[in-house]
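Topology and contacts: notes
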Amino acid sequence: MMYLYSLIALIPLLLFSAWASAKVNSTYAKYDKVPNRACVTGYDTAVRMMRNRGVTDIRVERINGRLTDHYHPTKKQVNLSMSTFGSASVGAVAVAAHEIGHVMQKKEGYLPYKIRNVLVPLTNIGSRLALPMVIVGVLLELFIAASLPYGEWLVYAGIAFYGLSTLFMLVTLPVEFNASRRAKKMLVEDGVLTKEELPGASKVLSAAAMTYVASLCISLFYFLRFALFFLSFVRKD
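Procedures and definitions
- Residues numbered from 1 in each chain as written.
- Predicted model: local features only at pLDDT ≥ 70, side-chain atom pairs only at ≥ 80, totals over all residues.
- Heavy atoms only, no water.
- Pairing = 2+ DSSP bridges.
- Helix = DSSP H or I, 4+ residues; strand = E, 2+ residues; numbered from the N terminus.
- Axes fitted to C-alpha atoms, helices over the stretch in contact; angles between N-to-C directions.
- Contact = heavy atoms within 4.5 Å.
- Expected span 1.5 Å × (residues − 1).
- Bend = angle between axes of the 7 residues up to and from the residue.
- Buried < 20%, exposed > 50% of the residue type's maximum accessible area, 1.4 Å probe, protein only.
- Left-handed = near helix turned anticlockwise from the far one by under 90°.
- Nonpolar A, V, L, I, M, F, W, Y, C, P; charged D, E, K, R; others polar.

Side note on the sheet that holds strand 3 (residues 77–81)
The 3 strands are arranged 1-3-2 in an open sheet whose pairing can be described as mixed. Strand pairing shows two members of the sheet lacking a second neighbour, strand 1 (59–63) and strand 2 (70–72), which therefore form its edges. Neighbour to neighbour, the strand axes of the sheet diverge by 30° on average, direction disregarded. Pairing analysis gives 5 bridges linking strand 1 to strand 3, with the strands arranged parallel. The residue bridging Ile63 from the neighbouring strand is Ser81, located in strand 3. Its contacts with the sheet put helix 2 (residues 42–52) on strand 1 and strand 3, and the angle it makes with strand 1 is roughly 160°.

Side note on helix 5 (residues 111–143)
Since there are 3.6 residues in each turn of an α-helix, residues three or four apart along the chain are aligned in direction. With 33 residues, helix 5 extends 45 Å between its outermost C-alpha atoms, agreeing within 8% with the 48 Å of an ideal straight helix rising 1.5 Å per residue. Maximum bend of helix 5: about 35°, positioned at Leu129, with proline Pro132 one to four residues after it. Listed as buried for helix 5 are Pro112, Tyr113, Arg116, Leu119, Thr123, Gly126, Ala130, Met133, Val134, Gly137, Val138 and Glu141. Looking at the packing, one finds that the buried side of helix 5 touches strand 2, helix 4 (90–108), helix 6 (150–189) and helix 7 (198–231).

Notes on the packing of helix 2 against helix 4
Helix 4 packs onto helix 2 with a crossing angle of 30° between their chain directions and a minimal axis gap of 8 Å. Judged by the twist between their axes, the crossing of helix 2 over helix 4 is right-handed. Of the residues in helix 4, those touching helix 2 at Gly42, Thr45, Ala46, Met49 and Met50 are Ala92, Val93, Ala96, Ala97, Ile100 and Val103. Split by residue class, the contact of helix 2 with helix 4 holds 9 nonpolar, 2 polar and no charged.

Here it is in structure tokens:
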């Protein structure tokens, strides 16, 4: 019954995630048809913003896909998708500016950004170790009679490892919202958009932010279900 109830509870979260995904795509499609008055492309926006802030060691590259834009700090490059790189629309420059927001976070040592980068390798390791640790812990609890609670400790450790992905998504929220705030400020400061054009860019960035909120909700749900399910196997003294 617990599994059935959890599936029912998951439905609104999945609907919210689907709505957020559709919203960002439709909003971007709308403002990708609105040319900015400065006739500045996504590529031009990224280059201008970095140059104006003394960033000279980051390349701007074009990659395949639509809305696959991202900043790769290790490779020192901002990757703009085909839909952003050469487009001079309000939507395109908003997305490009958001990625430069991440560049500036790294340059200025923005704390949540630094925490998220630390969590990346830990989350990758935790996602691989969590389930094996919990399963071994449950088996120890069920089949090995021992006074020392090694199985219980393994279950707790596995659940903690699994929770790293949720923690990562939680830290991602302020990082993404902050990058969008920086983007909107830079767009006006650098003359890419006028104040009259900025609301369109804000709608694109806000729609994108909702996808991260949806991801956090789903990640938290799966973590709680995972934790409650396996904790039910832990021996109670």
